[in-house]
Amino acid sequence: MNAKTNVANLQGAGKLIAREAGAGTVKAFFEKNKGAMAAILPNHVKPERMLRIALGALRTTPKLTNATIESLMSATMVCAQLGLEPNTVLGHCYLIPFDNRRQKRTDVQIIIGYKGLIDLARRSGQIESIAAHAVYSADQFDYAYGLNETLEHRPAVGNRGE
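A quick note: this is a predicted structure, and the numbers were derived from the prediction, not measured.

Here the focus is the overall build of the protein chain. Counting its regular elements, the protein chain contains seven helices and four strands. Helices and strands appear in the protein chain in the N-to-C order α-α-α-α-α-α-β-β-α-β-β. A globule of 162 residues ought to have a C-alpha radius of gyration of about 15 Å, yet the protein chain, at 21 Å, is considerably larger. Relative to its full complement of 162 residues, the protein chain shows a buried share of 32%. Sequence separation of at least 24 residues holds for 50% of the intrachain contacts in the protein chain that already meet a minimum separation of 6. When the accessible surface of the protein chain is split by element, carbon and sulfur atoms take 52% of a total near 10800 Å². If you average the places of the 20 positive and of the 14 negative side-chain charges in the protein chain, the two averages end up 12 Å apart.

Next up, the structure:
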């Protein structure tokens with residue numbers, strides 16, 4: 001097979017189910033689109049890293065292989081645009097297989113974790129401070145909306161409850 005045939009095959013590969021296409025085809029399709037990804041990535045993320053992470057997500061979440069390669073690539077591109085790494089210990093965002101019953105296929109959806117939201121908020125430069133903490137039933141927790149918004153959380157000493 002020559003290079004032109006390979007490119008033509010890859011262009012049609014996007015519609016294939018990842019599991020049926022095979023890991024090599026998925027990787028080749030991602031590699032072919034690396035330039036497009038590099039164009040939208042923030043400076044702190046390299047396209048090679050994002051592609052490795054996305055391919056790793058297929059190993060850690062096997063049901064993702066039920067989606068089309070195009071759906072996987074599209075979800076990865078959104079993560080790239082946001083500068084968030086999917087399915088890593090950073091907890092930024094997650095590629096989740098979703099059974100689309102109307103279309104009778106599996107689509108890939110992105111769920112942004114709270115750590116990803118915090119990262120995006122910090123990078124926006126539009127916040128003074130942000131933090132996330134669990135509130136337990138024995139904690140003192142009070143908040144108010146309006147012109148004088150307040151948030152007060154005082155963790156209980158000892159057993160904090162549920």
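This part covers the pattern of salt bridges. Taken as a whole and assessed by the stated rule, the structure comprises nine salt bridges. Between Lys34 and Glu31 there is a salt bridge whose closest N-O contact spans 3.3 Å. On the accessibility criterion, Lys34 (22% relative accessible area) is partly exposed. The exposure class assigned to Glu31 is partly exposed, which follows from its relative accessible area of 38%. Across the salt bridge formed by Asp139 and Arg160, the nearest N and O atoms sit 2.6 Å from each other. Here Asp139 is found in the loop between α7 (114–124) and β3 (140–144), whereas its partner Arg160 is found in the segment after β4 (150–154), with 21 residues between them in sequence. Take Asp139: its relative accessible area is 9%, and that puts it in the buried class. Overall, Arg160 belongs to the partly exposed group, its relative accessible area being 25%. It is possible to trace a salt-bridge network through shared partners that takes in Glu31, Lys34 and Glu48.

Our next topic: a nonpolar patch on the surface. There is a patch of nonpolar side chains on the surface, built from Val135, Phe141, Tyr143, Tyr145 and Leu151 and spanning about 590 Å² of accessible area. Along the chain, Leu151 falls in strand β4. The class for Leu151 is exposed, based on a relative accessible area of 65%.

The next subject is helix α6 (residues 69–82). Helix length check: α6 (14 residues) gives 20 Å between terminal C-alpha atoms against 20 Å at 1.5 Å per residue, within 8%. Turning to α6, its buried residues are Ile69, Ser71, Leu72, Met73, Ala75, Thr76, Met77, Cys79 and Ala80. Positive backbone phi, approximately 75 degrees, marks Gly83, located one or two places after α6.

Bringing the environment of Val45 into the picture now. Summarising the element assignment, Val45 is placed in the loop between α4 (34–40) and α5 (47–60). If near-sequence neighbours (up to four positions away) are discounted, Val45 is found in contact with Met50 and Gly83.

Each value, and the rule that gives it
- Each residue is numbered by its place in its chain's sequence as written, counting from 1.
- The predicted origin of the model limits local features to residues at a pLDDT of at least 70 and limits the giving and counting of side-chain atom pairs to 80 or more, whereas totals for whole chains, interfaces and linings rest on all residues.
- Think of the side-chain values as coming from all heavy atoms in the structure, minus any hydrogens and water.
- A run of DSSP states H or I qualifies as a helix once it reaches four residues; a run of E qualifies as a strand once it reaches two. Both are numbered from the N-terminal end.
- What the globule rule says is 2.2 Å times the number of residues to the power 0.38, and the radius of gyration is computed from C-alpha atoms.
- Buried residues are those whose accessible area, probed at 1.4 Å on protein chains only, stays under 20% of the maximum for their type, while exposed residues exceed 50% and partly exposed ones sit between those limits.
- Residue contacts are defined here by distance: any two heavy atoms, one from each residue, within 4.5 Å place the two residues in contact.
- To measure how exposed things are, a 1.4 Å probe is used in the Shrake-Rupley method; for residues, cover is taken only from the protein chains shown.
- Residues counted as positive are Lys and Arg, residues counted as negative are Asp and Glu, and His and the chain ends are not counted.
- Here the site of a charge means NZ on Lys, CZ on Arg, CG on Asp, or CD on Glu.
- Basic side-chain nitrogens of Lys or Arg form a salt bridge, by our definition, when they fall within 4 Å of a carboxyl oxygen of Asp or Glu.
- For patch detection, residues must exceed 30% relative accessible area and be free of salt bridges, and they are connected within 9 Å for like charges or within 5 Å for nonpolar side chains (Val, Leu, Ile, Met, Phe, Trp, Tyr).
- In this analysis, the expected span of each helix is defined as 1.5 Å times one less than the number of residues it contains.

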